[in-house]
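Observations on the model geometry
What follows is the residue order along each chain.
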Amino acid sequence: MDAWGRLSQADEEEFARLDRTFETGEPMTGEHGETFGVWVLDRFCADPADPRRREMLRQVVDDVPAWSRTTVSGLWSMVHGATRAWPQDDTDLYLVPLAATASLSHPERRIALEYVPDMFSKYRYSEWKILRGPVTELLTEPETGDPGAAVRNVMWEEDPFAIRLATDFAARLASPEVLPLLRHCAAATASKPSPAWLKRTAGLLNEPAVEVIRDVLRQLAAHREVTFRPPHRDEAWTSVVFLHERTAVPLRGMIWTCELIDAPWVTALLGDVAVTCGTGIGGSGANARSEMLANAAIGVLARRGGLDVVAQLARVQAKVRKKTILAGVNRTLEAVAERTGLSPERLLDRTVPAFGLGRDGTRTEQGLSLSLDGAVTYEGRKTIPRSVDRELLAEFKATAKELKKALPAERFRIERALATERIWRWHEVCEFYLDHPVTGSFGRMLIWEILQGPAGIPVQVDGAWELTDPAGRRIQPRPDTPVLLWHPIGHAADEVRAWRDHLIETGLRQPFKQAFREVYLLTPAEEETRHHSRRFTGHLLRYGQAKALLTGRGWTGLSLGHWGWVYGSGQSEATKDLPGGLTAHWDFHLDPESAERDGFGTASICLSGVIHVTDDTGGRVPLAEVPALTLSETLRDADLAVGVTSTGLDPEGHGEYWQSYGFGDLTETAQVRRDALTRLLPRLAIAGRCTLTDRFLLVRGDLRTYKIHLGSGNILMEPNDAYLCIVPRSTGDQVFLPFEEDGGMLSIILSKAFLLAADTAIADPSITRQITG
């Protein structure tokens, strides 16, 4: 019999034999074994009034056979179905499954009874009131002398984290000071803690409990999913596991307990837990490793309140893409903002930590230095001598860790402000984006524009911030002057060129593309189609990489796979919320032949489709009516996804698409790359060997002349356009780039150019064989 109470052919044949024997009226005291026990229970369920059947039932209980775990699960399925017409006061029905379960080890009991509590409590509650006590007793492992048993009674060994808690943390969790609180945490089954739950928690909380909760949650923040098969499970149970629900529930209780703990580590640790649990498998994606725990951490941050929680919520906003989690973050920010009388954006401005850094982005104490990139050094050296105060060093390292988390969150927030045309007052920009040691590292490199007025890069003159344009003209805005981040879409080509030349001439490196930002204006084809864009249709993209990149830029909902073509698993769309209540949609699908190519496993390649925009009613909006900057930033996301994840970039690619993408017309991103090269090449040592054409960077070596495509980085060799395969690598610090580049293609192109300009010095035989033919 299987776990669902279904009989095999052999079981049916044995049942028929036992029925014939039973009908003769002869005693069946000689019958034994698992199948006999199942037959007795089944026939007893059919006619419980028959005294012979009840007697045989007790015979099976007194002479317990060797039960398998699968059959025990099947017994519980059998009695669950029989209780529909069973007298509630007749408990003999449960004798066999209870006795059979008791014959198993405790790990196997937990597996056999896995669904029994839910099955009966939800659908047979009257019977569950009878069974709850005996079932709980069967599941409870004797705790005599084994602290791990006490932990396993709270959370079963269904994932690696639970196993770690039952081993590495067993002694602390099972101590008399902590175990009552651990058991109480296992009752954290509601969506948020009740006053009664918190009152009981306060009575159980003590110093050892606080310390172990801190250490467990630190382990949780560092925990990642692994391929795992629970002990005593079959091979079929192997899967990628983060946390089992039975582990997550007591962990949620520990998170809730932080609401009562007044310690400096609490807020930052809750932020770490929210980011870890709120991001998807692998640290990206629109799903969450554990939405339950992420929401619990955000809920505690919300109830703790105060400005110090805002920085942690900003980190969650930058990393997490699960809409329901982000909704909780937004509600919390709005609540804190309302209490302070500020908008959520202005609140975030005011709560970015300084981490003890000076305006120059460093902190120095007793020879130790902490720099903005998170590096900790001693008098300029990476090696820290033993004579340095260990407590101070630990503090510096902990601060460096938090700083490294904050920097990408702030960069994300500032670039989002550029894309949404956020407006500040000049005194706010000075205080929160120029004078601040963290955000100032970004803000001082960006172009700020007076609303409907001139623009400039910040410079400090006599202690006051002014804006300076490429011609050196300066203006000092009044404190209340409205300003925003300059975007090239609203400015003439001459002004854009001037800013790009200025960045190259001054060596100013922007934290993201601003002066060199791509602009996407409506094409005649898009004006004709009106409601959708086919500009990025038909590209073959590496699915996992494309999904991760789009998720990181705020797109959600993309889910493709070979698991159910009939149900539409081969088609999906990514969506992104846009300003003004608009939503962008980008269609994707899988090639039907890809399932066999992927071995019916994880999808590897997807095909891009059309992009359209809807309003808050779901109706399609003509692209001409979408604000120009909003549409441009949406199409920029698409261009970036194609430019980074297209199979046309593969060094050893082939086929019609690879040929057309790898050497075809340039996209807007590639055109901006060409524009940057126009300015950079004259400054390079290899300038005399390089020439730019419409699509290629021509590099003259001593052996051959090479054509590097400005979109894909692929290389053709003259005179016969033979393909040259070189594994991409970056230039490191060899060449100044005026922006931190998404995807790194400009750096790769320059790296290949430097290599090929000195082709006689190439020692790699895999390259020289191709060049010499």
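Our subject is the structure listed above.
Reference entry: report on the structure contained in this document. (Residues numbered from 1 in each chain as written. Predicted model: local features only at pLDDT ≥ 70, side-chain atom pairs only at ≥ 80, totals over all residues. Heavy atoms only, no water.)

1. Things to note about the overall build of the protein
The following threshold applies: Counting from the N terminus, the helices are the DSSP runs of H or I reaching at least four residues and the strands are the DSSP runs of E reaching at least two. Only protein chains enter the area calculation, which uses a 1.4 Å probe; residues under 20% of their type maximum are buried, those over 50% are exposed, and those in between are partly exposed. We call two residues in contact when some of their heavy atoms are within 4.5 Å. Each accessible area is a Shrake-Rupley result for a 1.4 Å probe, and residues are judged covered by the shown protein chains and nothing else. Counting rule applied: Lys, Arg positive; Asp, Glu negative; His and chain ends not counted. Charged side chains are reduced to one point each, which is NZ for Lys, CZ for Arg, CG for Asp and CD for Glu.
Helix and strand content of the protein: 32 helices and 21 strands. With respect to the principal axes defined by its C-alpha atoms, the protein has extents near 110 × 65 × 60 Å. In the protein, which comprises 773 residues, the share counted as buried stands at 53%. In the protein, the share of contacts with a sequence separation of at least 24, taken over all contacts with a separation of at least 6, comes to 65%. Put simply, the protein shows about 35,000 Å² of open surface, and 51% of that area lies on carbon and sulfur atoms. Here the protein carries 88 positive and 104 negative side-chain charges, and the mean point of each set is 4 Å from the other.

2. Focus on the pairing of strand S15 (residues 582–589)
So the rule is basically this: In short, DSSP must find at least two bridges between two strands for them to pair.
Among the eight residues that make up S15, six are buried, leaving the element largely enclosed by the rest of the structure. One ladder, built from eight bridges, connects strand S14 (residues 571–578) with S15; its direction is antiparallel. Within the sheet, the bridge partner assigned to Leu-578 lies in S15 and is Leu-582. Linking S14 to S15, which pair antiparallel, is a turn of three residues; within it Gly-580 sits at a positive phi near 75°. Examined bridge by bridge, S15 and strand S16 (residues 605–614) share six bridges and lie antiparallel to one another. Its bridge partner lying in S16, Ala-584 is registered against Val-613.

3. Considering empty space enclosed by the protein
This is how it is decided: Think of a 1 Å grid over just the protein atoms. A cavity is a set of points where a 1.4 Å probe fits yet cannot get out, a pocket is an open set with protein on both sides within 12 Å along at least five of seven lines, and lining residues have an atom within 4 Å of a point. Grid points are joined across faces, edges and corners, and a volume is the space filled by probe spheres set on the points. Gly falls in the polar group here, along with every residue not listed as nonpolar (Ala, Val, Leu, Ile, Met, Phe, Trp, Tyr, Cys, Pro) or charged (Asp, Glu, Lys, Arg).
Summed over the entire model, instances satisfying the criterion amount to seven cavities of 30 Å³ or more. Here the largest cavity is characterised by a volume of approximately 100 Å³. Taken together, Pro-107, Arg-110, Ile-111, Arg-152, Trp-156, Glu-157, Glu-158, Pro-231 and His-232 make up the full set of residues lining the largest cavity. Take the lining of the largest cavity: its biggest share by element is three residues, from helix H6 (residues 106–112). Of the residues in the lining of the largest cavity, the class split is four nonpolar, one polar and four charged. As for the second largest cavity, its lining consists of Glu-31, His-32, Gly-33, Phe-36, Gly-37, Gln-59, Val-60, Asp-63 and Pro-65. Those elements that provide at least two residues to the lining of the second largest cavity are helix H2 (34–46) and helix H3 (51–62). Split by residue class, the lining of the second largest cavity holds three nonpolar, four polar and two charged.

4. Some details on the environment of Ala-624
Tracing the backbone through its elements, the reader meets Ala-624 in the loop between S16 and helix H28 (628–645). For Ala-624, a relative accessible area of 62% puts it in the exposed group. Spatially, the C-alpha atoms of Ala-624 and Glu-526 are 8.6 Å apart, while their sequence positions differ by 98 residues.

5. A short note on helix H16 (residues 266–278)
For clarity, the cut-off: Take the number of residues in a helix, subtract one, and multiply by 1.5 Å to get its expected span.
Between its first and last C-alpha atoms H16 spans 18 Å; for 13 residues at 1.5 Å apiece the expected length is 18 Å, and the two agree. Burial analysis of H16 places twelve of its 13 residues in the buried class, which makes it a mostly covered element. The set of residues buried in H16 consists of Val-266, Thr-267, Leu-269, Leu-270, Gly-271, Asp-272, Val-273, Ala-274, Val-275, Thr-276, Cys-277 and Gly-278. Looking at the packing, one finds that the buried side of H16 touches helix H14 (207–222), helix H15 (245–257), helix H17 (291–304), helix H18 (308–319), helix H19 (323–340) and helix H21 (390–420).

6. Concerning the pattern of salt bridges
This is how the line gets drawn: Salt bridges are defined as contacts in which a side-chain nitrogen from Lys or Arg sits within 4 Å of a carboxyl oxygen from Asp or Glu.
Counted by the stated rule, this structure contains 44 salt bridges. Residue Arg-53 is joined to Asp-50 by a salt bridge in which the shortest nitrogen-to-oxygen separation is 3.1 Å. Under the relative-accessibility criterion, Arg-53 is labelled buried at 17%. A relative accessible area of 16% places Asp-50 in the buried class. Across the salt bridge formed by Asp-637 and Lys-576, the nearest N and O atoms sit 2.7 Å from each other. You can see Asp-637 sitting in helix H28 and its partner Lys-576 sitting in strand S14, a full 61 residues away along the chain. Of the two residues examined, Asp-637 and Lys-576, each falls in the buried class. Taken together, the shared-partner salt bridges in this structure form one network comprising Arg-411, Glu-415, Lys-513, Arg-517, Glu-518, Arg-553, Lys-576, Glu-633, Arg-636 and Asp-637.

7. Here we look at the sheet that holds strand S21 (residues 722–724)
To keep things clear, this is the line we draw: Geometry is summarised by axes, namely lines fitted to C-alpha atoms with helices restricted to the contacting stretch, and by angles between N-to-C directions that run from 0 to 180 degrees.
Taken together, the five strands give an open sheet; going across it, the order is S17-S18-S19-S20-S21, and neighbouring strands pair in antiparallel fashion. With one partner strand each, in any of the chains shown, strand S17 (690–692) and S21 form the two edges of the open sheet. Here the strands of the sheet are splayed against their neighbours by 30° on average, with no regard to which way each runs. The pairing of strand S19 (residues 705–709) with strand S20 (residues 715–717) spans three bridges and is classified as antiparallel. Residue pairing for S20: Ile-708 is matched across the bridge by Ile-715. Running at roughly 100° to S19, helix H29 (residues 655–663) makes contact with strand S18 (696–700), S19, S20 and S21 of the sheet.

8. Some remarks on the packing of helix H30 (residues 668–680) against helix H31 (residues 745–757)
Filter applied, for reference: Angles below 35 degrees are treated as roughly parallel, those above 145 as roughly antiparallel, those between 65 and 115 as roughly perpendicular, and all remaining angles as oblique. If you view the pair so one helix is near and one far, a crossing is left-handed when the near helix is turned anticlockwise from the far one by less than a right angle, and right-handed when it is turned clockwise.
Between H30 and H31, the least distance of the axes is 11 Å, while the angle of their chain directions is 50°. Here H31 runs oblique to H30, going by the angle between their axes. Between H30 and H31 lies a crossing of right-handed hand. Where H30 abuts H31, its residues Arg-673, Ala-676, Leu-677 and Leu-680 lie against Met-745, Leu-746, Ile-749 and Leu-750. The class makeup of the residues in the contact of H30 with H31 is seven nonpolar, no polar and one charged.

9. A few points about the sheet that holds strand S11 (residues 482–485)
Taken in spatial order, the six strands make up an open sheet running S6-S11-S7-S8-S9-S10, and their pairing is antiparallel. Of all strands in the sheet, those with a lone pairing partner are strand S6 (424–425) and strand S10 (474–475), marking the two edges. Note that S6 and S11 share two bridges and pair antiparallel. The partner of Trp-424 across the bridge, within S11, is Val-483. Contacting strand S8 (455–461) and strand S9 (464–468), helix H24 (residues 493–506) runs over the sheet at an angle of about 40° to S8.

10. Quick word on the packing of aromatic side chains
How we decide: When two rings of Phe, Tyr or Trp (its six-membered ring) have centres within 6.5 Å they constitute a pair, described as stacked for plane angles under 30 degrees, edge-to-face for angles over 60, and tilted for the intermediate range.
As enumerated under the stated definition, the model contains 16 aromatic pairs in all. Judged by centre distance (6.0 Å) and plane angle (55°), the rings of Tyr-433 and Trp-448 are tilted. Taken together, the residues span a long stretch of sequence, with Tyr-433 in helix H22 (residues 426–434) and Trp-448 in strand S7 (residues 448–450) at a distance of 15 residues. Here Tyr-433 and Trp-448 have matching classes, each one buried. Among the aromatic residues, those joined into a cluster by ring pairs are Phe-22, Phe-36 and Trp-39.

11. Points about the nonpolar core
Filter applied, for reference: We call a set of buried residues a nonpolar core when its members are Ala, Val, Leu, Ile, Met, Phe, Trp, Tyr or Cys and they connect through side-chain atoms within 4.5 Å of each other.
Membership of the largest hydrophobic core comes to 80 residues, with the highest contact counts inside it found for Trp-586, Phe-588, Leu-697, Leu-724 and Leu-756. With ten residues, the top contributor of residues to this core is H31. Look past the residues within four positions of Leu-724 in its chain and what remains in contact with it is Tyr-706, Ile-715, Met-717, Leu-756, Ile-767, Gln-770 and Ile-771. Counting 69 residues, the second largest nonpolar core, distinct from the first, contains Cys-185, Leu-204, Ala-209 and Met-254.

12. What about H18?
Within H18, ten of the twelve residues are buried, which leaves it mostly tucked inside the rest of the structure. Buried residues belonging to H18 abut H16, H17, H19, helix H20 (344–350) and H21.

13. Description of a nonpolar patch on the surface
Spelled out, the test is: Patch membership is restricted to residues that have no salt bridge and whose relative accessible area is over 30%. Joining uses 9 Å for like charges and 5 Å for the nonpolar side chains Val, Leu, Ile, Met, Phe, Trp and Tyr.
Together, Trp-4, Tyr-115 and Trp-237 line one region of the surface with nonpolar side chains, adding up to about 380 Å² of accessible area. Mapped onto the elements, Trp-237 comes out in the loop between strand S1 (226–228) and strand S2 (239–241). Judged by relative accessible area, which is 37%, Trp-237 ranks as partly exposed.

14. Section: the layout of surface pockets
Counted as a void, the second largest pocket has a volume near 860 Å³. Lining the second largest pocket are 24 residues; nearest its centre among them are Pro-117, Val-154, Trp-156, Ala-186 and Arg-246. Elements that contribute at least two residues to the lining of the second largest pocket include exactly helix H7 (116–123), helix H8 (125–139) and H15.

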